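Here's the letter readout for the chains.
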Amino acid sequence: MPQLAVTLVVNKILTTETYHEEIRGRLGVGEDVVSNTDIDALSVLPIGEARIITAVPNYDELTGVDEIYVYAAAVCMVAAILAPSMAAKIKKTMKDFDFSFENQAVNWESRASQLVDEANEFIGLISTSQETPDAPLLMLSGPTREKERRHF
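Below, the structure is looked at part by part.

Reading the values: rules and limits
- Residues numbered from 1 in each chain as written.
- Predicted model: local features only at pLDDT ≥ 70, side-chain atom pairs only at ≥ 80, totals over all residues.
- Heavy atoms only, no water.
- Helix = DSSP H or I, 4+ residues; strand = E, 2+ residues; numbered from the N terminus.
- Buried < 20%, exposed > 50% of the residue type's maximum accessible area, 1.4 Å probe, protein only.
- Contact = heavy atoms within 4.5 Å.
- Areas by Shrake-Rupley, 256 points an atom, 1.4 Å probe, with all protein chains shown as cover.
- Axes fitted to C-alpha atoms, helices over the stretch in contact; angles between N-to-C directions.
- Parallel < 35°, antiparallel > 145°, perpendicular 65-115°, else oblique.
- Left-handed = near helix turned anticlockwise from the far one by under 90°.
- Salt bridge = Lys/Arg side-chain N within 4 Å of Asp/Glu carboxyl O.
- Arc of directions from axis to C-beta.
- Lys, Arg positive; Asp, Glu negative; His and termini not counted.
- Core = buried A, V, L, I, M, F, W, Y, C linked by side-chain atoms within 4.5 Å.

Next up on the list: the overall build of the protein. Tallying secondary structure elements over the protein gives 7 helices and 2 strands in all. From first element to last, N terminus to C terminus, the protein shows the α and β order α-α-α-α-α-β-β-α-α. Within the protein, the proportion of its 152 residues that are buried is 30%. Restricting the contact set of the protein to residue pairs at least 6 apart, pairs at least 24 apart contribute 72%. In the form shown here, the protein has an accessible surface area of approximately 11,200 Å², with 55% of it arising from carbon and sulfur atoms.

Next up on the list: the packing of helix α3 (residues 45–55) against helix α4 (residues 64–82). Relative to each other, α3 and α4 sit at 135°, their axes nearing to 8 Å. Considering the angle they form, α3 stands oblique to α4. Crossing hand, α3 versus α4: right-handed. For the pair α3 and α4, contact is made by L45, I47, G48, R51 and I52 and by V70, A73, A74, M77, V78 and I81, respectively.

Under the counting rule described, the total for this entry stands at 4 salt bridges. A salt bridge links D38 to K89, with the shortest nitrogen-to-oxygen separation between them at 2.9 Å. Taken together, the residues span a long stretch of sequence, with D38 in helix α2 (residues 36–40) and K89 in helix α5 (residues 86–89) at a distance of 51 residues. Of the residues examined, K89 reaches a relative accessible area of 35% and is grouped as partly exposed. Among the ionic contacts, a cluster of salt bridges with common partners joins R26, R111 and E118.

On to the side chain of R24, then. For R24, the position within the fold is in helix α1 (residues 19–27). For R24, a relative accessible area of 4% gives the class buried. Apart from residues lying up to four places away in sequence, R24 is in contact with V29, G30, E31, V34, S35, N36 and I39.

Turning next to α3. Restricting attention to buried positions, one finds in α3 the residues L45, P46, G48, E49 and I52. Taken around the axis of α3, the buried residues stretch over an arc of 160°, which confines them to a single face. For α3, the elements touching its buried residues are α1, α2, α4 and α6 (108–125).

For D66, the location among the structural elements is in helix α4. In this structure D66 is buried but unpaired, with R26 as the nearest side chain of opposite charge at 15 Å. Ignoring any residue separated from it by four or fewer positions in sequence, one finds D66 in contact with L125, I126, S127 and T128.

Right, let's talk about the nonpolar core for a bit. Within the largest apolar cluster, 37 residues are counted, with the highest numbers of intra-cluster contacts made by L14, I23, L27 and I52. For this core, the element with the most residues is α4, which contributes 12 residues. Setting aside anything within four residues of it in sequence, one finds L14 in contact with Y19, I23, L45, E49, Y71, A74, V75 and V78.

Treat this as a map of the structure, not an account of what it does.
Shown next as structure tokens:
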């Protein structure tokens with residue numbers, strides 16, 4: 001069986017000391033639900049950053065507010081990757097003799113989609129981002145053969 005070589009991955013965008021808390025904040029959960037290890041996993045943080053780098057290839061040249069937008073987009077993208085797993089991590093209800101607690105029901109798939117949209121909004125705010133115009137949608141319609149036969 002081939003061995004997978006694991007190399008140390010260095011964060012390219014999320015380099016502050018607070019990015020773990022910021023990602024958890026976007027999800028509305030604490031460290032007891034999402035650990036730093038969960039966030040830094042090879043299948044999470046590097047993938048989220050890679051998606052942003054693909055959208056903003058000149059990310060490392062940005063300064064000022066544009067740099068902040070890239071950072072915020074990366075936070076949202078990593079949170080979006082983590083969001084679908086939240087349903088399995090958060091207990092819906094907790095009951096004891098003395099108390100009863102019920103978490104709000106969150107549609108985590110929908111929340112992931114919202115976070116991706118937020119990331120894209122931040123990318124759109126970057127002054128050097130070039131919006132790709134949507135290709136015009138060309139639709140043809142006309143009589144089908146069946147309609148042509150009935151017409152005559």
